[in-house]
Amino acid sequence: MITLAHSLVTYHVTGLDAESCLHCVESVQRELALIPGVVGVDVNHAMGRVSVLMDGPVEESFVLAAIEDAGCEVDLVPRWHG
């Protein structure tokens, strides 16, 4: 029997929006893909969201650093919609 455990975390980022170029989007994907344990990355630049799929524990500081290395920042302030 094979058991796979994955977790998906979505981050709101600044520096990505509907006007972001493909190079910026690919840069975020490339930086995150280098982190051991990251098995998938989805960048929704129009929504300013980056979703990271992990197959085990990954240090969040590595994810934040990778996003910053790509020229963006994680918005750590929750966005409330009312």
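Given the structure is predicted, the values throughout are model-derived calculations rather than measurements.

(A) Expanded view of the nonpolar core. If you look at the biggest cluster of nonpolar residues, it comprises 19 residues, and the most contacted ones within it are Val28, Leu32, Val50, Val52 and Val63. Elements that contribute at least two residues to this core include exactly β1 (7-14), α1 (22-33), β2 (38-44), β3 (49-54) and α2 (60-69). Discounting residues that sit within four places of it in the chain, leucine 32 has contacts with Val38, Val41, Val50, Val52, Val63, Ala66 and Ile67.

(B) Local environment of the sheet that holds β3. Strand order in the open sheet formed by four strands is β2-β3-β1-β4, and the pairing between neighbours is antiparallel. Each edge of the open sheet carries a strand with a single partner, namely β2 and β4 (73-74). Note: β1 against β4, two bridges, orientation antiparallel. Counterpart to threonine 14 in the pairing with β4 is glutamate 73. Lying on the sheet, α2 is in contact with β1, β3 and β4; it crosses β1 at an angle near 40 degrees.

(C) Expanded view of the state of the cysteines. Following the criterion strictly, the structure yields zero disulfides and no others. No disulfide involves cysteine 21; its sulfur sits 3.3 Å from that of cysteine 24, the nearest cysteine. Given a relative accessible area of 37%, cysteine 21 falls into the partly exposed group.

(D) Structural context of α1. For α1, with 12 residues, the first-to-last C-alpha span of 16 Å sits near the 16 Å given by 1.5 Å per residue. Every buried residue of α1 is listed here: Val25, Ser27, Val28 and Leu32. Axial view of α1: buried residues confined to an arc of 155 degrees, hence all on one face. Facing away from the buried side of α1 by over 90 degrees, the exposed positions are Leu22 and His23. Where α1 is buried, its residues contact β2, β3 and α2.

Here is what the cut-offs are and how they apply
Residues numbered from 1 in each chain as written. Predicted model: local features only at pLDDT ≥ 70, side-chain atom pairs only at ≥ 80, totals over all residues. Heavy atoms only, no water. Core = buried A, V, L, I, M, F, W, Y, C linked by side-chain atoms within 4.5 Å. Buried < 20%, exposed > 50% of the residue type's maximum accessible area, 1.4 Å probe, protein only. Helix = DSSP H or I, 4+ residues; strand = E, 2+ residues; numbered from the N terminus. Contact = heavy atoms within 4.5 Å. Pairing = 2+ DSSP bridges. Axes fitted to C-alpha atoms, helices over the stretch in contact; angles between N-to-C directions. Disulfide = S-S within 2.5 Å. Expected span 1.5 Å × (residues − 1). Arc of directions from axis to C-beta.

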